[in-house]
Amino acid sequence: MSLEFTSSEMMSVTAARALKNDMTCFVGIGLPSEAANLARLTHAPDVTLIYESGTLQTKPDVLPLSIGDGELCESALTTVSVPEMFRYWLQGGHISVGFLGTAQIDRYANLNTTLIGDYREPKVRLPGGGGAPEIATNAKEVFITVKHSRRTFVKDVDFVTTVGFGRDGKARDNVPNIGRGPTVVITDLCILKPDPETKELVVTSLHPNVSREAVIEATGWEIRFADQLETTPEPSTRELEVLRDLKARTSAHHSSTQSGQQ
Amino acid sequence: MAEFLSLQEAVSKHINNGDTVAMEGFTHLIPFAAGHEIIRQEKRDLTLIRMTPDLVYDQMIGAGCAKKLIFSWGGNPGVGSLHRLRDAVEKGWPHQIEILEHSHAAMANAYEAGAAGLPLAVLRGYVGSDLPKVNDQIKFIECPFTGERLAAVPSVRPDVAVIHAQRADRKGNVLIEGIVGIQKEVVLAAKRSIVTVEEIVDDLGASVNACVLPSWAVTAIAEAPKGAAPSYALGYYDRDNAFYKDWDGIARDRDTFQAWLNDNVFEKGAA
């Protein structure tokens, strides 16, 4: 009998399970970082985590608030400069998985972290691309984790900051020397994967106690479901305990004012 | 050889209205003290370059120092938006600013090309992204050897680079440790540079492969203890994550921001 769990915990645990022990993962901040470290603390102790601040093979005890927290550097095998990170390690082909979050995602897994509305007159200005545009093409594959809502899951993103498969699903066709792109999207409701032919995202697994209707309601396009629709396995007691410990440590760490300590 | 100046003198002497200024420090060693001095001296019409304009540029933009911002990720890491940047872009307060945005990979390459004295950087980037549609500084070229289509961006060659480092020795050699980011590249890419340091010491204590900027590659050094706070300096003090969270509330409102700026920047002298 496992513990009760929230939909957010279901998402984090499912995202963590996507990472394998032998992967080299370029980690985005926020949900991807939580999932990647949960993987490292449970089934994938040797997974290599890399953050764009230059920290290679890092093992933080608490989740970083920024991608450059001291914790990442001090627990890393080594720390390289930012140009070296992007040129040698990412563009050079050493990253098996880029793990990204997003503000908007569309049916072809294009990501928008730039703005809502028109570029010259934005309704909401978002932070921008950061490392994602090149992580998404230079990593061998991409995992995406994001909360499922109609505001986030839109038919067409307002701006393609980071390519999934383009506006027509064909953006990667015949482009040499780039990765496969998104292979899985993990939300708090379900798992989606691109259709092998059209590249449109299809629901392949529903999380426990989530209905098709709930996914349809939270998606801004006519979402398709796989013929062999699966039910995502529940989190184990250990996964939940490790996740809760990690979040509690992180919360305590970031709420205290650290300045002045040597 | 680097000249030792007070922070007030360094900013006054080396940063002019209208300059292109790159203040770097990739989530570590962010030169806040220097940014505050620029605000106090009411520098105007600056073209500000920075990969991750976080709180320091939010403060400078809100204070009216910026004409243009060139960046690749403008947020409060792990917290949310930069409200002063958004207010400038969305509502034109305190005035409209022009923005030019890149990806991190492109900017990192552009700084490196600047340090290498090249006019452009080439990368496998921007595939399928809309960013080239809104930034005319992103072009595509064909590799003359393989025919591969690659992205090209102009190198970054600012008038002034501003960075913070752990320490300098008495000759003006500078040691940077930890997340070294893009600091060496920005100093070498710039016409002039200001380096603030936690302390000036007899011996840097640098290991053989350490990131050291020789005195003759730096224009001015100013001692500024806690000069990166609320960011951090590895080996000296930690990142003040609580302040980063508090900033969200302070910066959300124009009046609260101006009160904060008054109390914490204008009424405090140079460090």
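Residues numbered from 1 in each chain as written. Chains lettered and ligands numbered in written order. Predicted model: local features only at pLDDT ≥ 70, side-chain atom pairs only at ≥ 80, totals over all residues.

### Structural notes on the overall build of chain A
For chain A, the helix and strand inventory stands at seven helices and 14 strands. The globule rule puts the C-alpha radius of gyration for 262 residues at 18 Å, and the 18 Å found for chain A is close to it. Projected onto the principal axes, the alpha-carbon positions of chain A cover approximately 55 × 50 × 40 Å. The proportion of buried residues among the 262 residues of chain A is 54%. (Helix = DSSP H or I, 4+ residues; strand = E, 2+ residues; numbered from the N terminus. Rg over C-alpha atoms; globule rule 2.2 N^0.38 Å. Buried ≥ 20, exposed ≤ 12 C-beta atoms within 10 Å, placed from the backbone.)

### A few points about helix α4 (residues 82-91) of chain A
Of the residues making up α4(A), those classed as buried are A:Val82, A:Pro83, A:Met85, A:Phe86 and A:Leu90. Down the axis of α4(A), the sector holding all buried residues measures 165°, keeping them to one side. Those residues of α4(A) that are buried are in contact with β1 (24-27) and α5 (132-138) of chain A together with α5 (104-115) and α7 (183-189) of chain B. (Arc of directions from axis to C-beta. Contact = placed C-beta atoms within 7 Å.)

### Quick look at helix α4 (residues 83-91) of chain B
Across the nine residues that make up α4(B), a large majority, seven, are buried. Listed as buried for α4(B) are B:His83, B:Arg84, B:Leu85, B:Arg86, B:Asp87, B:Ala88 and B:Val89. Structurally, α4(B) contributes buried residues whose contacts are with β9 (122-125) of chain A together with α3 (55-62), β6 (80-81), β7 (98-101), α8 (241-252) and α9 (254-266) of chain B. Backbone geometry just after α4(B) places B:Gly92 at a positive phi near 70°.

### Some remarks on the packing of α4(A) against α5(B)
With their axes 9 Å apart at the nearest point, α4(A) and α5(B) run at an angle of 115° to one another. Overall, the two elements α4(A) and α5(B) adopt an arrangement that is roughly perpendicular. Note on packing geometry: the crossing formed by α4(A) with α5(B) is left-handed. From α4(A), A:Val82, A:Pro83, A:Phe86 and A:Arg87 reach across to α5(B), where they touch B:His104, B:Ala105, B:Ala108, B:Asn109, B:Tyr111 and B:Glu112. Here the residues of the contact of α4(A) with α5(B) sort into six nonpolar, two polar and two charged. (Axes fitted to C-alpha atoms, helices over the stretch in contact; angles between N-to-C directions. Parallel < 35°, antiparallel > 145°, perpendicular 65-115°, else oblique. Left-handed = near helix turned anticlockwise from the far one by under 90°. Nonpolar A, V, L, I, M, F, W, Y, C, P; charged D, E, K, R; others polar.)

### Overview of the interface of chain A and chain B
Taken together, the contact pairs 51 residues of chain A with 50 residues of chain B. Residue assignment for the side of chain A that touches chain B shows that the elements contributing at least two residues are α3 (70-74), α4, β9, α5 and α7 (237-255) of chain A. With five residues, the single largest contributor to the side of chain A that touches chain B is α4(A). The class makeup of the residues in the side of chain A that touches chain B is 18 nonpolar, 28 polar and five charged.

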